[in-house]
Amino acid sequence: MGNLCSNSGSKLANGQSSNGAGKGRGDQGSIRYGYTLVKGKANHPMEDFHVAKFVPYQGRELGLFAIYDGHLGDSVPSYLQKHLFSNILKEGEFWTDPNRSISKAYERTDQAILSHNPDLGRGGSTAVTAILINGRKLWVANVGDSRAVLSNKGQAIQMSIDHEPNTERGSIENRGGFVSNMPGDVARVNGQLAVSRAFGDKNLKNHLRSDPDITNADIDADNEILILASDGLWKVMSNQEAVDVAIKIRDPQKAAKQLAVEALNRESKDDISCIVVRFK
């Protein structure tokens, strides 16, 4: 059943970097993945968490891949790492209506975070999740600005939608919030948060959405790789640049590492997390 790679590597030893790899069967031969996480320049602990594993589930093989980029501490991304996928799979209609199941699970998970205890809901997190069913069907969902990019004959296709305050200003203002570029030069909700949807963030939740955008794709011989990464990569690299770098490297763990190296070379100061899934 593929290498069930533990996804506990996210807590970084001495806070620098961690990585790993594994594989699943898929219908077209084995599907391999690799990931790397590199702590950013900020003097707080690593706030990016990930999931990368293949699991047998109800007679099918599921690839579960996710990046959770936390803010104001690591409690919310850590909670998502433990609970979000199991909450999705617990939804009774996952096989018949994955879209609705994913949407409901995101909402329920956010409710659990907000009601859990006062401390947990104070921080927040983005999420990008990818579920690969039998190597054939891909479901991607996201909240915030962590991103999933699929390659098709070498062309980058963004599977997630960046939720940024400027593009969702209407929804924020309708909820009584505002978007401001002060302090600094980045648009922020109420001058605080640089994403317009997130898990947690109790103090801003009246003005923030946490419903995911959801897309799906049929994986076939034209799809080479899938990249999931936090904005530590996307702030300094376009989708196509990332695909061009990763597609040339057959070993997905080396590809993920190379993307992180490239982001650091381009002066990315943020935590960088990256998963590369190679379909063939």
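Residues numbered from 1 in each chain as written. Predicted model: local features only at pLDDT ≥ 70, side-chain atom pairs only at ≥ 80, totals over all residues. Heavy atoms only, no water.

- As recorded in an unreviewed UniProt entry, the chain goes by the name protein-serine/threonine phosphatase, listed as coming from Lactuca virosa.
- Within the UniProt record for the chain, the comment given under Sequence similarities (unreviewed entry) is "Belongs to the PP2C family." (UniProt positions renumbered as here; feature names shortened; annotations may be inferred.)

**Describing the pairing of strand 9 (residues 155–158)**
Then, number 1: Relative to strand 9, strand 8 (residues 147–152) is paired through four bridges, and the arrangement is antiparallel. Bridging across to strand 9, Ser151 finds its partner in Ala156. (Pairing = 2+ DSSP bridges. Helix = DSSP H or I, 4+ residues; strand = E, 2+ residues; numbered from the N terminus.)

**Examining the layout of surface pockets**
Then, number 1: Volume-wise, the largest pocket comes out at about 760 Å³.
Then, number 2: If you go around the largest pocket, you meet 31 residues; those closest to its centre are His71, Arg188, Leu193, Ala194 and Asp231.
Then, number 3: Element by element, the count of residues in the lining of the largest pocket is highest for strand 4 (residues 60–71), at three residues.
Then, number 4: Considered class by class, the residues forming the lining of the largest pocket number ten nonpolar, six polar and 15 charged. (1 Å grid on protein atoms, 1.4 Å probe; cavity = no way out; pocket = protein on both sides within 12 Å on 5 of 7 lines; lining within 4 Å. Points joined across faces, edges and corners; volume = space filled by probe spheres on them. Nonpolar A, V, L, I, M, F, W, Y, C, P; charged D, E, K, R; others polar.)

**Overview of unusual backbone geometry**
Then, number 1: One non-glycine residue with positive phi stands out, namely Leu72, at about 55°.
Then, number 2: Counting through the fold element by element, Leu72 comes out in the loop between strand 4 and helix 1 (75–90).
Then, number 3: Even without being a glycine, Lys153 presents a positive backbone phi close to 50°.
Then, number 4: Mapped onto the elements of the fold, Lys153 is located in the loop between strand 8 and strand 9.
Then, number 5: By relative accessible area, Lys153 is classed as exposed at 57%. (Buried < 20%, exposed > 50% of the residue type's maximum accessible area, 1.4 Å probe, protein only.)

**Some points on the pattern of salt bridges**
Then, number 1: A complete count under the given rule lists 18 salt bridges for this structure.
Then, number 2: Between Arg197 and Asp213 there is a salt bridge, with its nearest N and O atoms 3.7 Å apart. Here Arg197 is found in the loop between strand 11 (188–189) and strand 12 (199–200), whereas its partner Asp213 is found in strand 13 (residues 213–218), with 16 residues between them in sequence.
Then, number 3: A relative accessible area of 22% means that Asp213 is categorised as partly exposed.
Then, number 4: Of the charged contacts in the structure, one is a salt bridge between Asp211 and Arg209, with a shortest N-O distance of 2.8 Å.
Then, number 5: Each member of the salt-bridge network shares a partner with another, and the members are Glu91, Glu93, Arg100, Lys104 and Arg108. (Salt bridge = Lys/Arg side-chain N within 4 Å of Asp/Glu carboxyl O.)

**Considerations on the nonpolar core**
Then, number 1: If you look at the biggest cluster of nonpolar residues, it comprises 28 residues, and the most contacted ones within it are Tyr68, Leu84, Phe85, Ile88, Tyr106, Ile131 and Phe199.
Then, number 2: Elements with a minimum of two residues in this core: strand 3 (48–57), strand 4, helix 1, helix 2 (98–116), strand 6 (127–133) and strand 7 (137–143).
Then, number 3: Ranked by the residues each element gives to this core, the list is headed by helix 1, at seven residues.
Then, number 4: Formed by 24 residues, the second largest nonpolar core is a distinct cluster that contains Tyr35, Phe54, Ala130 and Leu138. (Core = buried A, V, L, I, M, F, W, Y, C linked by side-chain atoms within 4.5 Å.)

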